[in-house]
Amino acid sequence: MILVTGATGHVGGEVLAHLLPAADAPPRALVRDPAKAALPPTVEAVTGDLNRPDSLRPALDGVDGVFLLPGYPDMPGLLAEMRRAGVDHVVLLSSIAAPDGDLDNAISAMMIRSEDAVRACGIPWTILRPSGFMSNTFQWTEQLAAGDTVRAAFPGVAVAMIDPADIGAVAARVLLDDAHHGLAHALSGPEPLLPADRVRVLGEVLGRKLRFEGQSDEEARSEMVEQGVPAPYIEAFFRYYADGTLDDSQVRPTVRELLGREPRTFEQWAQRHASAFR
């Protein structure tokens, strides 16, 4: 029995999809409100709040493995509940930024502390450190509904973006294989892409002549403030991409090595999700 946290999210939903045909028992999905969760019919929805570790006790009953999201206030408490329930494997979704060790960066610090908690919990663990998600492109839907121009921050920063479907496939594979205990896997897509590259490919898929305009750092910062992005996260993004403390352009062989196929391209992702941009 595998419990998937974040089960209605871009990654968690893919973990469920890949576990369904592979696991011995249907996976269990942790949600806040089962009545509002759109899940496959064979998936058991259970309630729990990751901000309240004791609320997970019913959801953890009989669970062998957990796919765990990072960044909750009491990660040690969450993991203590899992150990108490007899969980024998935790797969943590982390970030390619975690190895930088920068505790002054809010995003890095969140991932580092989550990884530290997993390593110290006494349960066999595996850590996944993906590059930026292709699904981040969904943030352009409003712009594309209004016209054919996309404006975005950090125009000169290339990211080897990964399809969340590949993260889900890797997570399902390692959840069911104890050979990955104690390992941290860095994951990426097949090529580094600038924002303009994504706009070009998306335009080809949609059959539209799209334009890309890069924002200045001042414009990007102002927009993030207006959108309500917490100030420490804004500073983290600028340290990564304006100051260059994070190189997210590296293409890694891990998806191919673990799944026996190449990671999905951005074009494949865009074709799969084209309806969201129409």
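In what follows, the accompanying structure is described. Predicted model, so just to flag it, every value in this text is computed and none were measured.

Moving on, we get to the pattern of salt bridges. Counted under the stated rule, the structure contains 18 salt bridges. Arg272 is the salt-bridge partner of Glu14, the closest N and O atoms lying 2.9 Å from each other. With Glu14 in helix H1 (residues 10-19) and Arg272 in helix H11 (residues 266-272), the pair connects residues that are 258 residues apart, well separated along the chain. The class for Arg272 is partly exposed, based on a relative accessible area of 46%. Here Glu115 ties to Arg119 by a salt bridge, and the two come within 3.1 Å at their closest N and O atoms. In this pair, Glu115 and Arg119 are both assigned in helix H4 (residues 106-120), four residues apart and thus about one turn of the helix distant. Assessed through its relative accessible area of 3%, Glu115 is described here as buried. Linked by salt bridges that have partners in common, Glu115, Asp116, Arg119 and Arg129 make up one network.

Let us look at the sheet that holds strand E4 (residues 65-68). Each strand in a sheet pairs with another by means of backbone hydrogen bonds, the pair being arranged parallel or else antiparallel. If you walk across this open sheet you meet the seven strands as E3-E2-E1-E4-E5-E6-E8, and the pairing is parallel. The open sheet has two edge strands, strand E3 (44-47) and strand E8 (183-187), and neither has a second partner. Each adjacent strand pair in this sheet contributes to an overall mean axis angle of 20 degrees, direction not counted. Pairing of strand E6 (residues 125-130) with E8, which is carried by five bridges, proceeds in the parallel orientation. The partner of Leu128 across the bridge, within E8, is His185. Against the sheet, H1 touches strand E1 (2-4), strand E2 (28-31), E4 and strand E5 (89-93), its axis set at about 155 degrees to E1. Against the sheet, H4 touches E5 and E6, its axis set at about 160 degrees to E6.

Moving on: the packing of H1 against helix H6 (residues 164-175). The contact between H1 and H6 brings their axes to 7 Å, and the two run at 50 degrees. Relative to H6, the element H1 is oriented oblique. Note that H1 runs across H6; the crossing there is right-handed. Of the residues in H6, those touching H1 at His10, Val11, Glu14, Val15, His18 and Leu19 are Pro164, Ala165, Ile167, Gly168, Ala169, Ala171, Ala172 and Leu175. Looking at side-chain class alone, the contact of H1 with H6 contains 10 nonpolar, three polar and one charged residues.

What follows is about the pairing of E5. For E5, the tally of buried residues reaches five of five residues, placing the bulk of the element in the interior. Judged by which residues are buried, E5 turns out to be covered on both faces: His89, Val91 and Leu93 on one side and Val90 and Leu92 on the other are all buried. Where E4 lies against E5, four bridges are found, and the strand directions are parallel. Within E5, the residue paired with Gly65 across the bridge is His89. Between the parallel pair E4 and E5, the chain is carried across by helix H3 (residues 75-85), and the sense of this crossover is right-handed.

Rules and cut-offs
Each chain has its residues counted from 1, following the order in which its sequence is written. Local features in a predicted model are, by the rule used here, given only for residues with pLDDT of at least 70; side-chain atom pairs are given and counted only at 80 or more, and totals for whole chains, interfaces and linings are based on all residues. To obtain the side-chain values, all non-hydrogen atoms of the structure were included, while hydrogens and water were left out. Note on definitions: salt bridges are taken to be side-chain nitrogens of Lys or Arg within 4 Å of carboxyl oxygens of Asp or Glu. Helix numbers and strand numbers start at the N terminus; a helix is a DSSP run of H or I with at least 4 residues, a strand a run of E with at least 2. The buried label goes to any residue with under 20% of its type's maximum accessible area, the exposed label to any with over 50%, and the partly exposed label to all in between, with areas taken from a 1.4 Å probe on protein chains only. Strands are labelled as partners when DSSP assigns at least two bridges between them. Here the axes come from fitting lines to C-alpha atoms, over the contacting stretch only for helices, and the angles between their N-to-C directions go from 0 to 180 degrees. It only takes one pair of heavy atoms within 4.5 Å for two residues to be counted as in contact. To sort the angles, those under 35 degrees are grouped as roughly parallel, those over 145 as roughly antiparallel, those from 65 to 115 as roughly perpendicular, and the leftovers as oblique. Handedness of each helix crossing follows the sense of rotation of the near helix against the far helix: counterclockwise by less than a right angle gives left-handed, clockwise gives right-handed. Here the nonpolar group is Ala, Val, Leu, Ile, Met, Phe, Trp, Tyr, Cys and Pro; Asp, Glu, Lys and Arg are the charged ones; every other residue, Gly included, is treated as polar. Handedness rule for crossovers: strands pointing away from the viewer, path from the first strand over the helix to the second running clockwise, crossover right-handed.

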